[in-house]
Amino acid sequence: MSTSPDLSRILPRVLIVSRRTVRKNKFVDFVGEYHLDLVVGYGAVPVIVPRVAGVHTMLDSFEPIHGVLLCEGEDIDPSLYDAGGHDGNLTAEQLEAVRLLHPSDAAVDHEKDSIELLLARRCLERGIPPFLGICRGSQVLNVACGGSLYQDVDQELPSHASDAAVCHMDYADYDGHRHPVRVLPGTPLREWFAESLGGEQGDEIMVNSYHHQGVRRLAERFVPMAFAPDGLVEGFYDPDAYSPGEGKFIMGLQFHPERMRKAGSDEFDYPGCPKAYREFVHAVVAYQAKLAAAATVPVRGRWAVTAATMPKLSHDIEKQRKVLVRSFSLAKNMYFGGGDTQKPAAETERRDLDAGAEFLETAAAALSSQQEKRLKQMGATVRNASGYLNSRLKVSEDREAAARALMAKMSAAQLSSLAAFYRAMGAICADMLDAKLQPASPTLRE
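Fair warning: this is a prediction, and the values are worked out from it, not measured in the lab.

As for unusual backbone geometry
- Look at the link from E63 to P64: it is a cis peptide, with omega at 0°.
- Backbone geometry at C135 places phi at a positive 55°, although glycine is not the residue there.
- Counting through the fold element by element, C135 comes out in the loop between β6 (131-134) and α4 (136-144).
- With relative accessibility at 7%, the residue C135 sits in the buried group.

Quick notes on the pattern of salt bridges
- Going through the model one piece at a time under the given rule, you end up with 13 salt bridges.
- Between R122 and D60 there is a salt bridge; the shortest N-O distance is 2.6 Å. Note that R122 is positioned in helix α3 (residues 110-126) and D60 in the loop between β4 (45-49) and β5 (67-70), a separation of 62 residues in sequence.
- Of the residues examined, R122 reaches a relative accessible area of 18% and is grouped as buried.
- D60 gets classed as partly exposed once you look at its relative accessible area, which sits at 24%.
- The salt bridge partner of K262 is E267, with a shortest N-O separation of 3.1 Å.
- Among the residues examined, E267 registers a relative accessible area of 46% and is labelled partly exposed.
- It is possible to trace a salt-bridge network through shared partners that takes in K112, D113, E116 and R136.

Points about the environment of V28
- Position of V28 relative to the elements: it lies in strand β3 (residues 26-30).
- The class for V28 is partly exposed, based on a relative accessible area of 30%.
- Spatially, the C-alpha atoms of V28 and S18 are 9.4 Å apart, while their sequence positions differ by 10 residues.
- Look past the residues within four positions of V28 in its chain and what remains in contact with it is R19, R20, T21 and R23.

Brief notes about the packing of α3 against α4
- One can describe the packing of α3 onto α4 by two numbers: an axis separation of 9 Å at closest approach and a directional angle of 60°. The angle between α3 and α4 falls in the class oblique. Both α3 and α4 take part in a crossing whose hand is right-handed. Two secondary-structure elements touch here, α3 through K112, D113, E116, L117, A120, R121 and L124 and α4 through R136, V140, L141, V143 and A144.
- Looking at the contact of α3 with α4, its residues break down into seven nonpolar, no polar and five charged.

Some points on the sheet that holds strand β8 (residues 179-183)
- Across the sheet, which stays open at both edges, the nine strands sit in the order β4-β1-β5-β6-β13-β12-β11-β8-β9 with mixed pairing between neighbours. Strands with a single pairing partner mark the edges of an open sheet, and in this sheet they are β4 and β9 (204-207). Sheet twist, expressed as the average angle between the axes of neighbouring strands with direction ignored, equals 25°.
- Direction of pairing for β8 relative to strand β11 (residues 223-227): antiparallel, over a ladder of two bridges. Each bridged residue has a counterpart across the sheet, and for R182 the counterpart in β11 is F227.
- Running at roughly 140° to β4, helix α1 (residues 33-41) makes contact with β1 (13-17), β4, β5 and β6 of the sheet.

Side note on α4
- Within α4, nine of the nine residues are buried, which leaves the element mostly enclosed by the surrounding structure.
- Within α4, burial applies to R136, G137, S138, Q139, V140, L141, N142, V143 and A144.
- Where α4 ends, the next residue or the one after it, G146, has phi of about 100°, a positive value.

A word on the pairing of β5
- What you see with β5 is no split at all: G67 and L69 on one side and V68 and L70 on the other are buried throughout.
- Relative to β5, β1 is paired through three bridges, and the arrangement is parallel. Bridge pairing in β5 places I16 opposite L69.
- Strand direction decides the pairing type here: β5 and β6, joined by three bridges, are parallel. In the sheet register, V68 faces β6, and the bridge partner there is F131.

Cut-off values and rules
- Residues numbered from 1 in each chain as written.
- Predicted model: local features only at pLDDT ≥ 70, side-chain atom pairs only at ≥ 80, totals over all residues.
- Heavy atoms only, no water.
- Helix = DSSP H or I, 4+ residues; strand = E, 2+ residues; numbered from the N terminus.
- Buried < 20%, exposed > 50% of the residue type's maximum accessible area, 1.4 Å probe, protein only.
- Salt bridge = Lys/Arg side-chain N within 4 Å of Asp/Glu carboxyl O.
- Contact = heavy atoms within 4.5 Å.
- Axes fitted to C-alpha atoms, helices over the stretch in contact; angles between N-to-C directions.
- Parallel < 35°, antiparallel > 145°, perpendicular 65-115°, else oblique.
- Left-handed = near helix turned anticlockwise from the far one by under 90°.
- Nonpolar A, V, L, I, M, F, W, Y, C, P; charged D, E, K, R; others polar.
- Pairing = 2+ DSSP bridges.

Structure, rendered in structure tokens:
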């Protein structure tokens, strides 16, 4: 009996990056309970990604990822986006005033920035999976897609000095403070709050507010869903990536619908408040189902991975792949020459390495029978795409030393990308070989 888990019975996984605080003189990582309650309540499993050094290099270990929820935290490092805009950066005096007024938020957390932006960009580049950003999470989403932020709304938003100014942070009435937002027609937010709009309410709802930064320039892929009276974007989404029933959901909300509750009660201010989480998890469940359906298809009593279900490489990943193939070519020359590139190599050795290079160059498609035969002939069961190169480099100490010298010239980012690429290739190889070598399932008799 197979010990492999039945993916159709595993609840979908939603990654949430923790926030760090200090308790009893020690750092503690946490995630707000309302986020966790809603994710669990609608049928998904929250997987907390700890905000600790080095986690950004281990994101592959959190696979499978069926959804990403990014929420509160400190200010995003302004060097990661265009903080200038039309009015220029804040002066030193203004920055100091912001730090004094918002001490817990103005302290930049570089590690959290690194983890969340890398996670966001990985998901968005691949077109997967459903993504919901709340408060800081919406700002991370906008920055990851090329947008920019106000470093401080009070200092930089043009309408701050006018009658349209809005208080976006009220420490004296932290949970009770509300301000109006205008919900735009034809958006998911309008649909969720439809029963609370109209009449005396018009097209406005009252939302909470716990932020001093906000969207300055909205990334091109996004469409606004709501505005505060001062013109600040309070919600946005990607209309080309919104269809929860098909596993598509990319959205950012500056306010906290999960915390919009009546005083002394868990009752929501509006029936629409939890619907962002409901539809997000709906998309997560649908996305997991798509992955499970695409992973295997029945072929004459067997289950096999097809070329049509293989992941498509994005432009950036494809560019990285070509760079890595070039690195393989350099290593190949180094191996044959042992430091002397003029030394000829045996024809059989050339064919073996050519087959491996050909495999890497066609990693986005299924192996042909001829390629499979050639790979098997050279012993490449290839659960790790780097195993073949490593085994050959160990033939002699001189060649191994030459390889180390070559890799020593690579940057940490290049080495990290190289390792991540090989892990991805190994996973693809393993899946394909398992599918090809799995014995046929017995046919059920009527």
